[in-house]
Amino acid sequence: MQIFGVDIGGSGIKGAPVDLDKGDLARERHKVLTPHPATPDGVADGVRQVVDHFGWTGPVGVTFPGVVTDGAMIRTAANVDDSWIDTDARALLGERLGGLPVTVVNDADAAGVAEMHFGAGRDRRGTVILLTFGTGIGSAVFVDGVLVPNTELGHLELEGHDAEKRASSKAREDHDMTWEHWAAHRVRRYLAHVEMLFSPELFIIGGGVSRKSHKFLPYIEGIKAEIVPAQLQNNAGIVGAAMRAAGH
Ligand code: BGC
């Protein structure tokens, strides 16, 4: 079965039909740039362009980089325009897509659902935490394979700061940090803090950086949990969005 998945990110809006049996994209993904400011109207237009590119007419799952309740309501908007807060994104996007059924899910939760089913978290019991390092830090917490949604661990306080402002991939770029410095100091301290709170068996590192894990994983020392890169890499959000729309 195929369902369409869209991933709304800080820099791009990406999507493709997803083969839910294989957990992979059925066609090469299409990407448009995220508008700035990333308002509901501008982003909805981007989602429409991505879906229209494939002439898709079935159900659509969409990730959002903030807290999403009931598959629809946006509750926070750390890295997109504030006017998203309390928007019914399912209604907005459904209307913009000419009435297609839409399900909306937090981006990290979507990536986590895909990784637990098809990737690095397959068959893993106990507490597993996927963290995405990108514009912000997203989190998805699983206990025996069951998701605790909207955990928002990127906004833990770390040394007096919002953690994602210290340890996201954007923070590394903004402050010209080397991969080694970022990993050995910022990411290590962040993971140590999350580990103190949850004692997970496994950390899965997702987001754009998962493709470059050799550049930073060797420098993260002193964490008891196993640490592995996400296997679906940057497509995890698209695959997970489609899975949520299919009822996973
Ligand atoms: C948001 C999360 C999101 C993460 C990654 C954070 O700023 O609060 O909801 O999952 O960024 O996009």
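Below: a short report on this structure. (Residues numbered from 1 in each chain as written. Predicted model: local features only at pLDDT ≥ 70, side-chain atom pairs only at ≥ 80, totals over all residues. Heavy atoms only, no water.)

**What to know about the sheet that holds strand β10 (residues 137-143)**
Basically, it comes down to this: For two strands to be treated as a pair, DSSP must find no fewer than two bridges joining them. Helix numbers and strand numbers start at the N terminus; a helix is a DSSP run of H or I with at least 4 residues, a strand a run of E with at least 2. Every axis in this analysis is a line fitted to C-alpha atoms, fitted for helices over the stretch in contact. Angles between the N-to-C directions lie between 0 and 180 degrees. A contact between two residues is defined here by any heavy atoms of the two lying within 4.5 Å.
What the five strands build is an open sheet, ordered β11-β10-β9-β14-β15; its pairing is mixed. Each of the sheet's edge strands pairs with one partner strand only, and the pair in question is β11 (146-148) and β15 (226-229). Strand after strand, the sheet turns through a mean of 25 degrees between neighbouring axes, direction not considered. Alignment of strand β14 (residues 202-206) against β15, held across four bridges, turns out to be parallel. Following the sheet pairing, Leu202 is matched in β15 by Glu226. In the packing of helix α3 (residues 107-118) onto the sheet, the strands contacted are β9 (127-133), β10, β11 and β14, and the crossing angle to β10 comes to about 45 degrees.

**With respect to α3**
Which entries qualify depends on this criterion: Multiplying 1.5 Å by the helix residue count minus one yields the expected span of that helix. Buried residues are those whose accessible area, probed at 1.4 Å on protein chains only, stays under 20% of the maximum for their type, while exposed residues exceed 50% and partly exposed ones sit between those limits. Think of a polar contact as two N or O atoms within 3.5 Å of one another; within protein, one of them needs to be a possible hydrogen donor and the other a possible acceptor, and neighboring residues in sequence only count if both atoms come from side chains.
With twelve residues, α3 should reach 16 Å at 1.5 Å per residue; the first-to-last C-alpha distance of 16 Å fits that figure. Burial analysis of α3 places ten of its twelve residues in the buried class, which makes it a mostly covered element. Looking at α3, one finds that the buried residues are Ala108, Asp109, Ala110, Ala111, Gly112, Val113, Ala114, Glu115, Met116 and Phe118. Put simply, Asn106 is the residue that caps the front of α3, since its side-chain oxygen is 3.0 Å from the backbone nitrogen of Ala108.

**A short note on the site of the ligand**
Spelled out, the test is: When at least one non-hydrogen atom of a residue lies within 4 Å of a molecule or strand, that residue is treated as near it. Computed with the Shrake-Rupley method and a 1.4 Å probe, the accessible areas treat only the protein chains shown as cover for residues. The distinction between a cavity and a pocket rests on a 1 Å grid over the protein atoms alone: a 1.4 Å probe fits inside a cavity but cannot get out, while a pocket stays open yet meets protein on both sides within 12 Å along at least five of seven lines, and a residue with an atom within 4 Å of a point counts as lining. Pocket occupancy is defined atom-wise: a molecule lies in a cavity or pocket when more than half of its atoms are within 2 Å of its grid points. Under the scheme applied here, ten amino acids are nonpolar (Ala, Val, Leu, Ile, Met, Phe, Trp, Tyr, Cys and Pro), four are charged (Asp, Glu, Lys and Arg), and all others, including Gly, are polar.
Around the ligand sit Pro65, Gly66, Ala78, Asn79, Asn106, Asp107, Ile137, Gly138, Glu152, His155 and Glu164, and that is every residue in its neighbourhood. Asn79 is positioned with one of its side-chain polar atoms (N or O) 3.2 Å from an oxygen atom of the ligand. The side chain of His155 places a nitrogen or oxygen atom 2.7 Å from an oxygen atom of the ligand. The protein chains hide 94% of the 310 Å² of surface that the ligand would expose on its own. Under a 2 Å grid-point criterion requiring more than half of the atoms, the pocket assigned to the ligand is the largest pocket. Grouping the amino acids of the shell around the ligand by side-chain chemistry returns three nonpolar, five polar and three charged.

**A look at the packing of α3 against helix α7 (residues 236-245)**
Quick reminder of the rule: An angle counts as roughly parallel when it lies under 35 degrees, as roughly antiparallel when it exceeds 145, as roughly perpendicular when it falls between 65 and 115, and as oblique in every other case.
It is at 7 Å that the axes of α3 and α7 come closest, and there the two elements cross at 90 degrees. Put simply, α3 runs roughly perpendicular to α7. Mapping the contact onto sequence places Ala110, Ala111, Val113, Ala114, Glu115, His117 and Phe118 in α3 and Ala236, Gly237, Val239, Gly240, Ala241, Met243 and Arg244 in α7. Each residue belonging to the contact of α3 with α7 can be placed in one class, and the counts come to nine nonpolar, three polar and two charged.

**So, the layout of surface pockets**
For clarity, the cut-off: Grid points are joined across faces, edges and corners, and a volume is the space filled by probe spheres set on the points.
Looking at the largest pocket, its volume works out to about 900 Å³. If you go around the largest pocket, you meet 47 residues; those closest to its centre are Phe133, Gly134, Thr135, Gly207 and Gly208. Residue assignment for the lining of the largest pocket shows that the elements contributing at least two residues are β1 (2-8), β2 (12-19), α3, β9, β10, α5 (169-174) and α7. The element best represented in the lining of the largest pocket is α5, accounting for four residues. Its residues assigned to classes, the lining of the largest pocket shows twelve nonpolar, 23 polar and twelve charged.

**Quick word on a nonpolar patch on the surface**
To be explicit about the condition: Without a salt bridge and with relative accessible area above 30%, a residue can belong to a patch; like charges are then joined within 9 Å and nonpolar side chains (Val, Leu, Ile, Met, Phe, Trp, Tyr) within 5 Å. Salt bridges, as used here, are contacts in which a Lys or Arg side-chain nitrogen is within 4 Å of a carboxyl oxygen on Asp or Glu.
Taken together, Met196, Leu197 and Phe198 make up a surface patch of nonpolar side chains, about 290 Å² in accessible area. Assignment of secondary structure puts Met196 in helix α6 (residues 179-198). When its relative accessible area of 55% is taken as the criterion, Met196 is described as exposed.

Geometry only, nothing functional implied.
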